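Here are the chains, one letter per residue:
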Amino acid sequence: MDSATAAGRTLAGRHILLGITGSIAAYKAAMLCRLLKTAGAEVQVVMTPLAKQFITPLTMATLSKNPILVEFFNPENGAWNSHVSLGEWADCYVIAPATANTLAKMATGVADNLLLTTYLSARCPVVVAPAMDLDMYAHPATQQNLRTLVERGVRIVEPGDGELASGLSGKGRMAEPGEIAAFVGRLLDGQDEKKKTLTGKRLIVTAGATIEAIDPVRFISNHSSGKMGYAIAGELAARGAEVTLVSGRTALPVPPGVERVDVLSADEMYDATVAAFDKADGAVMCAAVADYTPESVSETKLKKGDGELFIRLRRTRDIAAELGRRKGERILVGFALETDHEEAHAQSKLEKKNFDFIVLNSLRDAGAGFRGDTNKVTFIDRTGDEALPLLSKQEVAERIADRIERLFAR
Ligand code: CTP
């Protein structure tokens, strides 16, 4: 099925607000508008003043069959173009092309044109398709702005690699119109009631950090926030699975429909997870489990002395490896957080722990790993690698759930 057909299924009757900014790629917005219209969507176009230099309002008005909006009011008759009602009208606001300048303004809340004020008041999902020179795209300022926007829920259709208007070649070329239309279609489809594709499946998710007591006051732990695991548990439950979330200590709310089992130490997590696995169809091992724990826990608070203090640690049991031994036909997904030789380490964990696939995070990637709301991961299985762009943790959870669905359909 081509992307336009896929988009067509979910775009019929939808209200799409198409934002166009001043980039050479603006010519592709004409094709995008056509695709959206052909798929049955109603389209209104809002342009920045500079965008008019790149593609004419006449072209866009003809294609969208609606007058183009550029100014806050119509200079001829003074009629007010309400950014609030535009934002309310839209089911999705797609800004394509989005220049580095517009992305920076969106990230900082600048509201000096109609396209931006509409962004600030929009309640619908917002999608941006960046288009710029490769160095502008790679610049830390642009990357930081994109991370800020992703954290606030904006979806990005990543630019492609290829020939750029500057004559250079690299990443920055706006995604093709068909890809953007299909992305919007999938997004709106996913916003409808989730399809209960995992009904009848029992899944376990481990999440958060474990806490290994040294004495009644101190402990050894790590920086895991649990956000990724909670997002996965919520997504699997939203698709109809019966989910047991074995969770280290966090302040996160339990996602709807999920049963949470609270644990503290690696040993407690092992017992709870292994027991639940008996009746499960699979597990996602997202917790950051301590590999070592104090050999003995002092019953009273340790008092400081003059010299050094040595704490003897023993190995904890590996939960994932144990489930890997028992798994049979069940599904097992692992995580690997690495700082060096990422692929090789992840590959060896995939084999050693008998995972169906492993989700690799590199701490070297900005926007990946602990605490934040974004993640940049690579899926690795026995057939190869799939590197995903920077996504919100919720979107990563959706991609993981998609893969789990495919594994069940084998
Ligand atoms: N894991 C687990 N139980 C443990 C240790 C790890 O279930 N005691 C799981 C994690 O949840 C993750 C995967 O195993 O899915 C990889 O964990 P990681 O700590 O990165 O790997 P280790 O095998 O502990 O290797 P190392 O510490 O050497 O990186």
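What counts, and where the lines are drawn
- Residues numbered from 1 in each chain as written.
- Predicted model: local features only at pLDDT ≥ 70, side-chain atom pairs only at ≥ 80, totals over all residues.
- Heavy atoms only, no water.
- Core = buried A, V, L, I, M, F, W, Y, C linked by side-chain atoms within 4.5 Å.
- Buried < 20%, exposed > 50% of the residue type's maximum accessible area, 1.4 Å probe, protein only.
- Helix = DSSP H or I, 4+ residues; strand = E, 2+ residues; numbered from the N terminus.
- Contact = heavy atoms within 4.5 Å.
- Near = heavy atom within 4 Å.
- Polar contact = N/O pair within 3.5 Å; in protein donor to acceptor, adjacent residues only side chain to side chain.
- Areas by Shrake-Rupley, 256 points an atom, 1.4 Å probe, with all protein chains shown as cover.
- Nonpolar A, V, L, I, M, F, W, Y, C, P; charged D, E, K, R; others polar.
- Domains from an automatic or database assignment.
- Buried area = accessible area lost by both parts, 1.4 Å probe.
- Salt bridge = Lys/Arg side-chain N within 4 Å of Asp/Glu carboxyl O.

A. How the structure looks around the nonpolar core. Core analysis: the largest hydrophobic core is formed by 36 residues, its most contacted members being Ile-16, Leu-18, Ile-20, Met-47, Met-60, Val-94 and Ile-180. When contributions to this core are tallied by element, the ones reaching two or more residues are strand S1 (15-20), helix H2 (26-38), strand S2 (42-47), strand S3 (92-98), strand S4 (126-130) and helix H9 (177-191). Each residue touching Met-60, except ones within four places of it in the same chain, is listed here: Leu-18, Ile-20, Ala-29, Ala-30, Cys-33, Val-45, Met-47, Ile-55, Lys-65 and Ile-68. Counting 32 residues, the second-largest nonpolar core is a separate cluster that includes Cys-286, Phe-357, Ala-397 and Leu-407.

B. Broad picture of the site of the ligand. Inspection of the region around the ligand gives 13 residues, with Met-285, Ala-287, Asp-291, Lys-349 and Lys-353 positioned closest. Between the ligand and Asp-318 there is a distance of 3.4 Å, counted from a nitrogen atom to a side-chain nitrogen or oxygen. The contact in question runs from a nitrogen atom of the ligand to an N or O atom on the backbone of Ile-319, over 3.1 Å. Contact with the protein chains removes 77% of the 570 Å² of surface that the ligand exposes when unbound. Looking at the shell around the ligand, the elements with two or more residues in it are helix H12 (319-326) and strand S16 (331-338). Of the residues belonging to the shell around the ligand, the class tally is six nonpolar, two polar and five charged.

C. A look at unusual backbone geometry. The amide bond that connects Ala-96 to the next residue, Pro-97, takes the cis arrangement and shows omega of 0 degrees. In this fold, Pro-97 is placed in strand S3. Phi is positive for Lys-65, which is not a glycine, with a value near 60 degrees. Its location among the elements puts Lys-65 in the loop between helix H3 (57-64) and helix H4 (83-89). Judged by relative accessible area, which is 65%, Lys-65 ranks as exposed. Within the chain, Asn-354 stands out as a residue other than glycine whose phi angle is a positive 60 degrees. Inspection of the secondary structure assignment puts Asn-354 in the loop between helix H13 (342-352) and strand S17 (357-362).

D. Molecular detail of the domain arrangement of the protein chain. Here the domain parsing of the protein chain yields domain 1 (3-191) and domain 2 (202-409). With five residues of domain 1 at the interface, the matching set in domain 2 holds nine residues. Taking both sides of the interface into account, the surface hidden between domain 1 and domain 2 amounts to around 710 Å²; carbon and sulfur atoms contribute 64%. At the boundary of domain 1 with domain 2, the tally comes to one salt bridge. Note that Arg-155 is salt-bridged to Glu-395, the shortest N-O span being 3.6 Å. For the interface between domain 1 and domain 2, the tally reads zero residue pairs in polar contact (both at pLDDT 80 or more). Here the residues of the side of domain 1 that touches domain 2 are counted per class, giving one nonpolar, no polar and four charged.

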